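These are the residues of each chain, in order.
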Amino acid sequence: MYSYRKIKDDIYMIGASDRRLALFENVYPIKDGVSYNSYFVDDEKTVVLDTVDKSVSGVFFENIKHLLNGRSLDYLIVNHMEPDHCAMIADTILRYPDVKIVGNAKTFTMIENFFGKMDRDNFVTVSEGDELCTGKHTFTFVMAPMVHWPEVMVSYDKTEKILFSADAFGSFGALDGNIFADEIDYDKSKIDEARRYYTNIVGKYGAQVQAVLKKASTLEIDMICPLHGHIFRKDFGFILEKYDLWSRYEAEEKAVVIAYASIYGNTENAVSVLANMLADKGVKNIRVYDVSVTDPSFILSECFRASHLVFASSTYNGGIFPKMETLLLEIKAHALQNRKAYILDNGSWGAVAGRKMDEILSSLKGFEVDEEKISMKSSLKEEQLENLDRLAEKISFELR
């Protein structure tokens, strides 16, 4: 049975949500599932913008069949070739063999990488600024390479002033009927997952996101339709501002995040003491994470949000505790920049975690790693409380 929502008089969201998927891209935990958005334009020439993941293909094809109502499908615009959006291209061609596939040169290379050689007579190659008129609607194509794959482009409907934004402005989480951001309390209930989606999926490509934001600023936009998550049709300056901050690697808030790795609880205890000292000095909204419990994708997102970061780790096998090392390498891989960082380490003998953590953090652009590091031998000692208090005072002063 068909399941879609009208977003304009002749434009429909025809995708679906997967609430059973546990790991997005087989790596990121998604307790609330994910949506795979696709769009249908019922014009003189019918148009589908992007397909969906194979897990929701049944709903996708039922929606198209119902909306076509016996007509042919004329165009399939491919904005992004990642399989959660392109998986149904070959099946779409099998069902509608006369459909014309619209994409850029890199799109078609990837199509054949995934699906093998195809009849290119039905391929329509577009470049920056090219237009496609389907009757009432005229689409302009804007290239967005490395946001976050090299073939990515976005499609702008000049008629309705809609930006079909590929993976940009997306979010983790299934859609519960309310497909518009203004139908929910987005800035409170969804912004954390939008940030986690951005930082983990697109975060490395800040310069490329800035380039696309610059292009988007020249367009008159009334609606943003991403390939995951909610559609924005009003007050979307909020999400644009967030993307601008995230892609410039500027912190959203003057705040502190503490991530720790503790084997038997002694490093955890030192972190608890520090958090209490910070709170006593007036620091609010402190976030503390055990790297052995919380997936790195959540902590990475928090590190993009906050201005001040504390990393505390036990030494393990002559190095950094593995879960902490994974987090730090994730932070490095996603190119986080411009943060204040503080280091605590612990080792019953030969404590080296602090030095090795410093090596990773100091290699990051714009990172200022505090020179004073606290190093414990097995447990926090009474005489070290003064050093910990001095660290808390330093952080609290910088946050004022």
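Rules used in this analysis
- Residues numbered from 1 in each chain as written.
- Predicted model: local features only at pLDDT ≥ 70, side-chain atom pairs only at ≥ 80, totals over all residues.
- Heavy atoms only, no water.
- Helix = DSSP H or I, 4+ residues; strand = E, 2+ residues; numbered from the N terminus.
- Buried < 20%, exposed > 50% of the residue type's maximum accessible area, 1.4 Å probe, protein only.
- Lys, Arg positive; Asp, Glu negative; His and termini not counted.
- Salt bridge = Lys/Arg side-chain N within 4 Å of Asp/Glu carboxyl O.
- Contact = heavy atoms within 4.5 Å.
- Phe/Tyr/Trp six-rings, centres within 6.5 Å; stacked < 30°, edge-to-face > 60°.
- Lys NZ or Arg CZ within 6 Å of the ring centre and 35° of its normal.
- Patch = residues over 30% accessible without salt bridge, like charges linked within 9 Å, V, L, I, M, F, W, Y side chains within 5 Å.
- Areas by Shrake-Rupley, 256 points an atom, 1.4 Å probe, with all protein chains shown as cover.
- Expected span 1.5 Å × (residues − 1).
- Arc of directions from axis to C-beta.
- Pairing = 2+ DSSP bridges.
- Axes fitted to C-alpha atoms, helices over the stretch in contact; angles between N-to-C directions.

Caption draft 1: A look at the side chain of Asp167. Here Asp167 lies in the loop between strand 15 (162-164) and helix 5 (186-189). Despite being buried, Asp167 has no salt bridge partner; Arg196 is the closest side chain of opposite charge, sitting 14 Å away. If we ignore the near neighbours within four places in the chain, the residues touching Asp167 are His80, Glu82, His85, His148, Tyr197, Leu227, His228 and Tyr243.

Caption draft 2: Layout of unusual backbone geometry. Cis peptide bonds are those with omega within 30 degrees of zero, and the linkage from Val147 to His148 qualifies with 10°. Residue position: His148 is located in the loop between strand 13 (138-143) and strand 14 (153-157). The backbone of Asp235 shows a phi angle near 50°, a positive value even though the residue is not glycine. With respect to the element layout, Asp235 can be found in the loop between strand 16 (223-225) and helix 8 (237-247).

Caption draft 3: Representation of the packing of aromatic side chains. Going through the model one piece at a time under the given rule, you end up with 16 aromatic pairs. Judged by centre distance (6.2 Å) and plane angle (45°), the ring pair of Phe114 and Phe115 falls under tilted. Assessed through its relative accessible area of 41%, Phe114 is described here as partly exposed. Among the aromatic residues, those joined into a ring-pair cluster are Phe24, Tyr28, Phe172 and Tyr197. Note that Arg196 overlies the ring of Phe298, its terminal NZ or CZ placed 3.9 Å from the centroid. Taking the ring centre of Phe180 as reference, the NZ or CZ of Arg233 above it sits at 3.7 Å.

Caption draft 4: Structural view of the pattern of salt bridges. Within the structure shown, the criterion is met by 30 salt bridges. Across the pair Glu252 and Lys242 runs a salt bridge whose closest N-O atoms are separated by 2.7 Å. Taken together, the residues span a long stretch of sequence, with Glu252 in the loop between helix 8 and strand 17 (253-261) and Lys242 in helix 8 at a distance of 10 residues. Across the pair, exposure class does not vary: Glu252 and Lys242 are buried alike. Put simply, Glu253 and Arg305 hold a salt bridge, and the shortest N to O gap is 3.1 Å. Of this pair, Glu253 sits in strand 17 while Arg305 sits in helix 10 (residues 296-305), and the two are 52 residues apart along the sequence. One salt-bridge network, held together by shared partners, links Lys8, Asp10, Lys136 and Glu160.

Caption draft 5: Main features of a nonpolar patch on the surface. A contiguous nonpolar surface patch, about 370 Å² in accessible area, is contributed by Ile263, Tyr264 and Tyr316. Along the polypeptide, Ile263 turns up in the loop between strand 17 and helix 9 (266-280). Given the relative accessible area of 37%, Ile263 is considered partly exposed.

Caption draft 6: Up close: helix 9. Relative to the 21 Å expected for 15 residues at 1.5 Å per residue, helix 9 spans 21 Å between its end C-alpha atoms, a close match to the ideal helical length. Among all positions in helix 9, only Thr267, Ala270, Val271, Leu274, Ala275, Met277 and Leu278 are buried. The buried residues of helix 9 occupy an angular sector of 160° when the element is viewed end-on, so they sit on one face. Turned more than 90 degrees away from the buried face of helix 9, the exposed residues are Asn276 and Asp280. On its buried side, helix 9 packs onto strand 17, strand 18 (287-290), strand 19 (306-316), strand 21 (340-346), strand 23 (374-376) and helix 13 (385-399). Downstream of helix 9 by one or two residues, Gly282 has phi in the positive range, about 95°.

Caption draft 7: Geometry of the sheet that holds strand 12 (residues 131-133). Pairing within the open sheet is mixed, and its 5 strands lie in the order 12-13-14-15-16. Single-partner strands in this sheet number two, and they are strand 12 and strand 16. Averaged over all pairs of adjacent strands, the angle between strand axes in this sheet comes to 20°, irrespective of strand direction. One ladder, built from 3 bridges, connects strand 15 with strand 16; its direction is parallel. Each bridged residue has a counterpart across the sheet, and for Leu163 the counterpart in strand 16 is Ile224.

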